[in-house]
Structures are given as C-alpha cells and as structure tokens.
Amino acid sequence: MIALDNHPSGRHFLQIPGPSPVPDRILRAISLPTIDHRGPEFGALGLKVLAGIRQVFQTRHPVVIYPASGTGAWEAALANVMSPGDAVLMYETGHFATLWQKMALRLGLEPEFLALPGVDDTGLPRSWRHGVQADLVEARLRQDTQKKIRAVCVVHNETSTGVTSDIAAVRRAIDAAGHPALLMVDSISGLASADYRHDEWGVDVTISGSQKGLMLPPGISFNALSPRALERSKSAKLPKAFWAWDEIVEMNQSGYWPYTPNTNLLYGLAESLDMLLGEGLPQVFARHQRWAAGVRAAVQAWGLPTQCADPAVHSPVLTGVITPEGVDADALRRLIHERFDLSLGTGLGKLKGRMFRMGHLGDSNDLTLVAMVAGVEMGLKLAGVKFAGGGVQAAMAYFASHAAPAALKKAA
Ligand code: PLP
C-alpha cells in the first residue's frame, strides 16, 4: 500500500495516451456486485453491450469482446484469419505497428514491413512522423500479381507518435489494385475518440481496447468483423481455441460467452456506451479534435515541433512533442511527475528520450488540459530547456475563443 500511504493531495494528472482517466460514473458502475454470468440478468447486459459497441465501431456485423488487453485482440485477429506462412503487408507508422509486425513473425506469418524511407531534419524516421501512404500500399499490391498477400495491416491512431492514418484511403488503394487482401486495422487508441467507420471504410477486422477512448480501465478488447473476415476464418489454419470467433459469436447471440467474461468491466462498458452514444459520436469526435487543437496551440507557442509532421493527420487523442537536441525527454517527464504529480507518455522504441506524449482523452475537460500544459511549461523551465513561453496563454486563448461542441449544438 505504498502508493496510498504517500498519496499526494489532489487528483493525479494521468495525461498518458491511455489508460485514460476513468469517469466516476464508470468507476461506480464497475463497483456493483458481480452477478452470475449464466443467469438471466447477465444475458440482458451482454445483449446491451454487444449492440452498443457495434454502434461505436459503426458496424452492423459482430463485434467480439475478449477479457484481454489490446495485444490479445491483435493475436486474435491474426489467428482467426491467417494460416502458417501467409504473407501479410504491414505498414511502419511507429512502435505499435512494429510490435504488431513482431507478433506476426512470432505467429509464423511472413510480414513485409512497408515504410517511408529515411530520416528527416530532426534525425527521426520519416515513417514515424507521417501516416500510412496509401499509394505505397497500392504500388506494392499491384506488384503482387499472384495475390500472395493475404492481408494489409495498419494502425489507425499510432499512439507512439500522435499520427493518424486515412483508413478509407487504404481501402481505396486495395480496391484500385484489384487485390483480395483483407484490411485489418488497429484502432486501439482511435476508437471512440477519433472518427472511425468499420463498415463504410470497408475494414475486415478492427482491433480495439477498453482503456483509451472508451474510458474504461484496461482489461477488455475487441475484434470487429466483416462478413469476408468471418468467411476467411472458416479456412484459416493458425491454431486458435480461446480466441476463436465461431463459438463466441454463436453464444453472443443470446448475450452470453463460452467462458467467464469480465462481468464488472462489462458494467463499465454499458455505462461508457450510455455516455458516448448519449453525447453523440460526432460530438465526441469534435470534442477530441478541439482539445487537440488547444494543446497544439500551446506546443506551437513553445516553438517545439510535434512528432506528427503532417498537419492533415494530427491525432485528436494525443500530441507528441519532440524535445530540443540534447534534452532527455524522459528526464523531463520524471521531473514533471515528481514536482507536479503529472504523468506524460514516454517516447517508445526509436523515439526513446527524444519526445514525450501529452494525452487528451478520457475523463477530461478544458481546465484539465490547461493544467497539463501548465505542468509541462513549468517543467520545461525548471529543466532549463530553451523554449518560448506562452503555451498556457495560447491554450487558454484557444479554448476561450472556440466554444465546445455541445454548446455549439445548443446555439444552433
Ligand atoms: N496498439 C496500439 C495503437 C496501442 O496504443 C496499444 C497500447 O497502448 C496496443 C496496441 C497494445 O495494447 P495493450 O497494451 O492493451 O495490450
């Protein structure tokens, strides 16, 4: 109980890009007594969350819910549609794309890792500062005249960089090449914060998790399916048992699972769905875009580059900030944590020590984000970093002059 004994006063500022701060409403829902997962009340809960989560993925097809972290849902997605030795085209947008590619290797697949070549003037890989280049995907698929590539795998919101990718453009690229590969998308940190449309964008499997835009603690994750993915799963030969879609989808029809589901997190999911769908998905997406723009206004005032080098694809979920040459971003993060009880995301993989990540998702509001910006600005000063001040002022000016989406709705 060390953490409790030394608990500082006030709320901790959990500003990493997930797990995100959980709203009290959801924490209260999760605290209710656990019920019989084979009893009648459970079936009603199961049907409710299975219907609601489809709306969030914007799909009419089944969504499978696993009691696992996002990594489990990555494995589930590959295990259900692939056979040993299958070729997969994956795209390097950052650390999470890299981890998924490593998993494909470990599962005995043959992933090819496409990337924008080279580094830019920051010395960082270009591919980790831009989204998926759909033209590269199309060109590669056109070369595959024997149609050996079985799937294209991309990350929608690369949490290690703060860069999003245009998923509809990737689908258009696959279609333009006349290629039958499935489209598999990791939207673990995009779903329920950034616009996402499983059916409309022609995605075959979308993977997501509970601990980001859904505002739940870590512990459940998802595979949203397409009819083509379900069809492919009937002949796919990678071993699978716990992850197998067929039994789960079958039992889900009555609101139950073939194993013990994560009952209390499903209470939380039901509450989260009420909150998100009650607010309206367009409002949820606009809220995150506005938060991101306010935080970026601060970073711009500081004169520090964002990890995302393409203004068209800034993440609404997090902002990656590159620290000046010679400034250890992790030492800065440690200082900010010690002095202001504020947690920022670390630089992952190739970005270690070069950048930090500011999350703007979960149970948040304008003033929480102004406080985060203030904590970072004080930390930059204390660390002796050379930067222009004025970030807090810039964020306040942005939020004050841009009404929140809900207020705009009332005024209309
Ligand atoms: N993919 C992305 C984009 C992520 O952000 C994460 C976790 O942050 C993962 C995959 C891995 O998910 P988990 O840590 O829940 O296993």
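Keep in mind that what you see is a predicted model, and the values were worked out from it rather than measured.

A.B. asks: Any chance you could break down the overall build of the chain for me, citing the residues and the numbers?
C.D. replies: Scanning the chain from terminus to terminus reveals 15 helices and 13 strands. On C-alpha atoms alone, the chain measures out to a radius of gyration of 21 Å, which is about the 22 Å that the 2.2 N^0.38 rule sets for 412 residues. Structurally, the chain occupies a C-alpha span of about 60 × 55 × 50 Å along its principal axes. Residue burial in the chain is summarised as follows: out of 412 residues, 58% are buried. In the chain, once contacts between residues fewer than 6 apart in sequence are set aside, the share between residues at least 24 apart is 73%. For the chain, the accessible area works out to roughly 17,000 Å², and carbon and sulfur atoms hold 56% of it. Taken together, the 39 basic and 38 acidic charged side chains of the chain have centroids lying 2 Å from each other.

A.B. asks: Describe in detail the nonpolar core, supporting the description with residues and values.
C.D. replies: Within the largest apolar cluster, 85 residues are counted, with the highest numbers of intra-cluster contacts made by Val152, Met184, Leu214 and Leu269. Each of domain 1 (13-20 + 281-405) and domain 2 (24-278) accounts for three or more of the residues forming this core. Contacts of valine 152, omitting those with residues within four sequence positions, involve Leu89, Val137, Leu141, Val170, Ile174, Ala181, Leu182, Leu183 and Met184. In terms of nonpolar packing, the next biggest core, distinct from the first, is built from 24 residues, Leu304, Leu369, Val385 and Phe399 among them.

A.B. asks: Please give an account of the site of the ligand that cites residues and values.
C.D. replies: Taken together, Ser69, Gly70, Thr71, Trp74, Phe96, Asn157, Thr159, Asp186, Ile188, Gln211 and Lys212 make up the full set of residues adjacent to the ligand. Within the side chain of threonine 159, a nitrogen or oxygen atom sits 2.5 Å from an oxygen atom of the ligand. Bound to the protein, the ligand loses 86% of the 390 Å² it would expose on its own. The element best represented in the shell around the ligand is helix α4 (residues 70-81), accounting for three residues.

A.B. asks: Can you break down helix α14 (residues 391-401) residue by residue, with the values?
C.D. replies: Within the span of α14, buried status applies to Gly391, Val392, Ala394, Ala395 and Phe399. Relative to the axis of α14, the buried residues are bounded by an arc of 165 degrees and lie together on one face. Within α14, the exposed residues directed more than 90 degrees away from the buried face are Gln393, Ala400 and Ser401.

A.B. asks: Quick one: what's the story with the domain arrangement of the chain, residue by residue and with numbers?
C.D. replies: What the domain assignment reports for the chain is domain 1 (13-20 + 281-405) and domain 2 (24-278). Taken together, the contact between domain 1 and domain 2 spans 32 residues of the former and 34 residues of the latter. Summed over both partners, the interface of domain 1 with domain 2 comes to about 2,700 Å²; 62% of that surface belongs to carbon and sulfur atoms. Contact with domain 2 buries surface across domain 1, with Leu281, Phe285 and Lys350 losing the most and accounting together for 22% of the total. Between domain 1 and domain 2 we count one salt bridge in total. Taking the shortest distance from any N to any O, the salt bridge between glutamate 92 and lysine 350 comes out at 2.7 Å. Inspection of the region where domain 1 meets domain 2 yields 14 residue pairs in polar contact (both at pLDDT 80 or more). Contributing elements (two or more residues each) for the side of domain 1 that touches domain 2: α11 (281-302), β11 (318-322) and β13 (355-359). Looking at the side of domain 1 that touches domain 2, the element that brings in the most residues is α11, giving four residues. A breakdown of the residues in the side of domain 1 that touches domain 2 according to their chemical character gives 17 nonpolar, 10 polar and five charged.

Parameters at a glance
- Residues numbered from 1 in each chain as written.
- Predicted model: local features only at pLDDT ≥ 70, side-chain atom pairs only at ≥ 80, totals over all residues.
- Heavy atoms only, no water.
- Helix = DSSP H or I, 4+ residues; strand = E, 2+ residues; numbered from the N terminus.
- Rg over C-alpha atoms; globule rule 2.2 N^0.38 Å.
- Buried < 20%, exposed > 50% of the residue type's maximum accessible area, 1.4 Å probe, protein only.
- Contact = heavy atoms within 4.5 Å.
- Areas by Shrake-Rupley, 256 points an atom, 1.4 Å probe, with all protein chains shown as cover.
- Lys, Arg positive; Asp, Glu negative; His and termini not counted.
- Charge placed at Lys NZ, Arg CZ, Asp CG, Glu CD.
- Core = buried A, V, L, I, M, F, W, Y, C linked by side-chain atoms within 4.5 Å.
- Domains from an automatic or database assignment.
- Near = heavy atom within 4 Å.
- Polar contact = N/O pair within 3.5 Å; in protein donor to acceptor, adjacent residues only side chain to side chain.
- Arc of directions from axis to C-beta.
- Buried area = accessible area lost by both parts, 1.4 Å probe.
- Salt bridge = Lys/Arg side-chain N within 4 Å of Asp/Glu carboxyl O.
- Nonpolar A, V, L, I, M, F, W, Y, C, P; charged D, E, K, R; others polar.

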